[in-house]
Amino acid sequence: GAYLLATARQVATCDGVAALAAHRAILRRDWRAFLAADRRIGLFKTGDENRRMSLRMGHKLGQLARHILPQKEIDPWSEAVKRGEIEGHHAPMQGLLFALTGESEERLFASLLYGAATQITGAALRLMRIDHFATQRLLYALGEEVARLYEELSPLEIEEMHLFGPEREILASMHEAGPQRMF
């Protein structure tokens, strides 16, 4: 539970702020601000696996969006990726998609944190002695914290995005270089 909460906070202060900035930029029709959100989050994705996952998820979400939304709405994103203006990270892409579909930034923030939390609880189910009911209790308890985090972080501008998790970064780098892959 403590690890889940700490990770949710880290995701909120980095990916959450970037997603909110991207969402707001799209609603204002400020393409430059959207591009800045994608570029900025790229600076925070230091580990190879973390960076690849963010880009893979962003690109897959972009592909999905191309099949759901009118082409003209998603083409600027696709073209910016092709031209190398942005890398195409997940959080800003999710912000773009939520803005284009009329979803609120509160739902965007909750969705982003829920996605990260379910990745952790899914891994916990495979690695620990914990059952599905316990992970669901942890996710339910996280709900109140997500609302508090949104209230705390929603006023932040993209330049105030931050991430501080040295122990997690060290463990991630050790995992990347380790002899075995867990899954």
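Keep in mind it's a predicted model, so treat the numbers as computed, not measured.

Here's the deal with the layout of surface pockets
Consideration 1: Each pocket or cavity is described by its volume, and for the second largest pocket that value is around 160 Å³.
Consideration 2: Taken together, Ala21, Arg24, Ala25, Arg28, Ala33, Ala36, Leu156, Glu157, Ile158 and Glu159 make up the full set of residues lining the second largest pocket.
Consideration 3: The element best represented in the lining of the second largest pocket is helix H1 (residues 2-28), accounting for 4 residues.

Section: unusual backbone geometry
Consideration 1: For Arg29, which is not a glycine, the phi torsion comes out positive at approximately 60°.
Consideration 2: Locating Arg29 in the fold gives a position in the loop between H1 and helix H2 (31-44).

So, the pattern of salt bridges
Consideration 1: Summed over the entire model, instances satisfying the criterion amount to 12 salt bridges.
Consideration 2: Arg24 is paired through a salt bridge with Glu105; the nearest N and O atoms lie 2.6 Å apart. With Arg24 in helix H1 and Glu105 in helix H6 (residues 105-127), this pair connects stretches of sequence that are 81 residues apart.
Consideration 3: Note on Glu105: relative accessible area 15%, which makes it buried.
Consideration 4: With a closest N to O distance of 3.3 Å, Glu103 and Arg107 form a salt bridge.
Consideration 5: Owing to a relative accessible area of 55%, Arg107 belongs among the exposed residues under this scheme.
Consideration 6: One network of salt bridges, with partners in common, ties together Glu144, Glu145 and Arg148.

Some words on the packing of H1 against H6
Consideration 1: Relative orientation of the contacting elements H1 and H6 amounts to 145°, with a least axis distance of 9 Å. At the point where H1 passes H6, the crossing takes the right-handed sense. Packed against H1, whose contacting residues are Tyr3, Leu4, Thr7, Ala8, Val11, Ala12, Asp15, Gly16, Ala19, Leu20, His23 and Arg24, the element H6 presents Glu105, Leu108, Phe109, Leu112, Leu113, Ala116, Ala117, Ile120 and Thr121 at the interface.
Consideration 2: Considered class by class, the residues forming the contact of H1 with H6 number 14 nonpolar, 4 polar and 3 charged.

Observations regarding H6
Consideration 1: The terminal C-alpha atoms of H6 lie 33 Å apart, and with 23 residues this matches the ideal 33 Å at 1.5 Å per residue to within 8%.
Consideration 2: Taken together, the buried positions of H6 are Glu105, Leu108, Phe109, Leu112, Leu113, Ala116, Ala117, Ile120, Thr121, Gly122, Ala123 and Ala124.

Examining the side chain of Glu105
Consideration 1: Among the polar contacts made by the side chain of Glu105, one reaches the side chain of Arg24 at a distance of 2.6 Å.
Consideration 2: Within polar-contact distance, the side chain of Glu105 engages the side chain of Tyr150 at 2.6 Å.
Consideration 3: Dropping the residues within four chain positions of it, Glu105 is found in contact with Leu20, His23, Arg24, Tyr150 and Ser154.

What counts, and at which threshold
Residues numbered from 1 in each chain as written. Predicted model: local features only at pLDDT ≥ 70, side-chain atom pairs only at ≥ 80, totals over all residues. Heavy atoms only, no water. 1 Å grid on protein atoms, 1.4 Å probe; cavity = no way out; pocket = protein on both sides within 12 Å on 5 of 7 lines; lining within 4 Å. Points joined across faces, edges and corners; volume = space filled by probe spheres on them. Helix = DSSP H or I, 4+ residues; strand = E, 2+ residues; numbered from the N terminus. Salt bridge = Lys/Arg side-chain N within 4 Å of Asp/Glu carboxyl O. Buried < 20%, exposed > 50% of the residue type's maximum accessible area, 1.4 Å probe, protein only. Axes fitted to C-alpha atoms, helices over the stretch in contact; angles between N-to-C directions. Left-handed = near helix turned anticlockwise from the far one by under 90°. Contact = heavy atoms within 4.5 Å. Nonpolar A, V, L, I, M, F, W, Y, C, P; charged D, E, K, R; others polar. Expected span 1.5 Å × (residues − 1). Polar contact = N/O pair within 3.5 Å; in protein donor to acceptor, adjacent residues only side chain to side chain.

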